[in-house]
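# Commentary on secondary and tertiary structure
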Amino acid sequence: QRETPKKQWSLKDFEIGKPLGKGKFGRVYVARELKSKYIVALKLIFKEQIEKYKIHHQLRREMEIQTSLRHPNILRLYGWFHDDERIFLILEYAHRGELYRLLRKNGHLSEKQAATYIASLTNALAYCHEKHVIHRDIKPENLLLDHEGRLKIADFGWSVQSRSKRHTMCGTLDYLPPEMVENKAHDYAVDNWTLGILCYEFLYGSPPFEAETQSDTFKRIMKVDLSFPSTPPISEEAKNLILRLLVRDSSQRLSLQKILEHPWIIKNADPTV
Ligand SMILES: COc1ccc(C(=O)Nc2ccccc2)cc1NC(=O)CCSCc1cnc2[nH]ccc2c1
């Protein structure tokens, strides 16, 4: 259902502010919508890049996916417009920035903070899976925090509507499960594995299979070569959840529903954010 009639936006509706970063396809700026004074993020994508990489269909499908996703832990795409050479995405602005910076600043997160973020991510992923969307590229850089510190899954540059099993690679290896690093067919359970990786990284400050070289990371992932350092001290329940997610056989990974019912989540996650 559409609350308001589809507004045709244009650049003159916005005052452009500081740059927020450079992506592969363009730049992102803070911007203020002049009438409402509402702060948004404006992402510029150059049309010649879209032509060059032949991803019109991907971008179109992306926009269809995005505008249909409405969840408190998923960054909103409010709309888009274009001029002769650029496409502009009007995105939600997350005032507290990348979760990645918080993690690097604090070294690692408390069990309550980590459990709260894992619960938010699990809720957002359950919502995506209902919409037949696998995110597949969930890593701290793609997680943002809004003005209340609420987690937002931000980057959908590679999300796909899962009609068939997917075979394409993406991003750093650290977050990929065995079936993806082996370039085998994979499905929704990719995201369950990634939740295990993120849970470990939130609690220890670095991902579990980190290694000097990509090939060493590859070997550690394939062996599920997992160990828990003695510091910082982590509860047995937290380790239990990680062990139930970082399972080679994707059908044996804890389901999203079971994650939300796990004792560590029940005990530590703050249900209000
Ligand atoms: C829903 O989100 C997105 C939807 C679509 C696309 C996209 O580019 N799709 C694409 C492009 C070309 C070809 C195919 C597909 C990207 C995003 N999201 C981001 O780009 C990251 C946050 S940018 C905003 C933002 C907000 N709040 C912040 N606070 C601090 C930094 C920051 C940065």
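Note that the coordinates shown come from a computational prediction; the quantities given were computed from them, not determined experimentally.

For side chains bearing opposite charge, pairing can occur when the charged atoms are close. Within the structure shown, the criterion is met by 15 salt bridges. The shortest N-O distance in the salt bridge between Glu 201 and Arg 104 comes to 3.4 Å. Taken together, the residues span a long stretch of sequence, with Glu 201 in helix 6 (residues 189–204) and Arg 104 in helix 3 (residues 99–106) at a distance of 97 residues. A relative accessible area of 41% means that Arg 104 is categorised as partly exposed. A salt bridge links Arg 253 to Glu 179; the shortest N-O distance between them is 2.8 Å. With Arg 253 in the loop between helix 8 (236–245) and helix 9 (256–260) and Glu 179 in helix 5 (residues 178–181), this residue pair connects regions lying 74 residues apart in the sequence.

With the rule as written, the count across this model stands at zero disulfides. Not part of a disulfide, Cys 199 finds its nearest cysteine sulfur in Cys 128, a span of 19 Å. In this structure Cys 199 comes out as buried when scored by relative accessible area, which is 1%.

This part takes up the packing of aromatic side chains. For the structure shown, the criterion picks out nine aromatic pairs. With a centroid separation of 5.6 Å and an interplanar angle of 40°, the aromatic rings of Trp 9 and Phe 14 are classed as tilted. On the basis of an interplanar angle of 40° and a centroid distance of 4.6 Å, the ring pair of Tyr 200 and Tyr 204 is categorised as tilted. Of the two residues, Tyr 200 and Tyr 204 are both situated in helix 6; the distance of four residues between them amounts to about one turn of the helix. The exposure classification of Tyr 200 matches that of Tyr 204, with both residues buried. One aromatic cluster is present, built from ring pairs that chain together Trp 9, Phe 14, Phe 81 and Phe 88. Here the guanidinium or amino end of Lys 7 rests over the ring plane of Trp 9, the centre of that ring lying 4.9 Å away.

With 53 residues, the main nonpolar core has Leu 121 and Phe 202 as its most contacted residues. Among residues more than four places away in sequence, those in contact with Phe 202 are Leu 99, Leu 103, His 108, Leu 109, Ala 114, Tyr 117, Ile 118, Leu 121 and Leu 143.

A word on the site of the ligand. Surrounding the ligand, one finds 21 residues, the nearest of these being Lys 43, Gln 66, Glu 92, Ala 94 and Ala 154. Within the backbone of Ala 94, a nitrogen or oxygen atom sits 2.8 Å from a nitrogen atom of the ligand. Within the backbone of Ala 154, an N or O atom sits 2.8 Å from an oxygen atom of the ligand. Protein contact buries 92% of the 710 Å² of open area that the ligand shows by itself. Put simply, the parts of the chain that give the shell around the ligand at least two residues each are strand 3 (39–46), helix 2 (56–68) and strand 5 (86–92). The element best represented in the shell around the ligand is helix 2, accounting for four residues. Class assignment of the residues belonging to the shell around the ligand gives a composition of 14 nonpolar, three polar and four charged.

Rules behind the numbers
- Numbers given to residues run from 1 along each chain, matching the order in which its sequence is written.
- Per-residue local features of the predicted model are confined to residues with pLDDT of at least 70, and side-chain atom pairs are confined, for both listing and counting, to 80 or more; whole-chain, interface and lining totals are unaffected and use all residues.
- Think of the side-chain values as coming from all heavy atoms in the structure, minus any hydrogens and water.
- Salt bridges are defined as contacts in which a side-chain nitrogen from Lys or Arg sits within 4 Å of a carboxyl oxygen from Asp or Glu.
- Think of it this way: any DSSP run of H or I at least four residues long counts as a helix, any run of E at least two long counts as a strand, and we number them from the N terminus.
- Remark: exposure states derive from per-residue accessible area (1.4 Å probe, protein chains only) relative to the maximum for the residue type, with buried under 20%, exposed over 50%, and partly exposed in between.
- The rule for a disulfide is simple: a pair of cysteine sulfur atoms within 2.5 Å.
- Note on ring pairs: Phe, Tyr and Trp rings are taken, using the six-membered ring of Trp, and paired if centres are within 6.5 Å. Classes follow the plane angle, with under 30 degrees stacked, over 60 edge-to-face and the rest tilted.
- For a lysine, the NZ atom is tested; for an arginine, the CZ atom; a charge sits over a ring if that atom is within 6 Å of the ring centre and within 35 degrees of the ring normal.
- To define a nonpolar core, start from buried Ala, Val, Leu, Ile, Met, Phe, Trp, Tyr and Cys residues and group those joined through side-chain atoms within 4.5 Å.
- Whether two residues are in contact is decided by their heavy atoms, any of which lying within 4.5 Å being enough.
- The cutoff for a nearby residue is simple: one of its non-hydrogen atoms must lie within 4 Å of the molecule or strand.
- Polar contact is the term for a pair of N or O atoms within 3.5 Å; when the atoms are in protein, one must be able to donate a hydrogen and the other to accept it, and sequence-neighboring residues count only if both atoms are side-chain atoms.
- To measure how exposed things are, a 1.4 Å probe is used in the Shrake-Rupley method; for residues, cover is taken only from the protein chains shown.
- Think of it as three bins: nonpolar holds Ala, Val, Leu, Ile, Met, Phe, Trp, Tyr, Cys and Pro, charged holds Asp, Glu, Lys and Arg, and polar takes everything else, Gly as well.

Read these as spatial facts, not as claims about activity.
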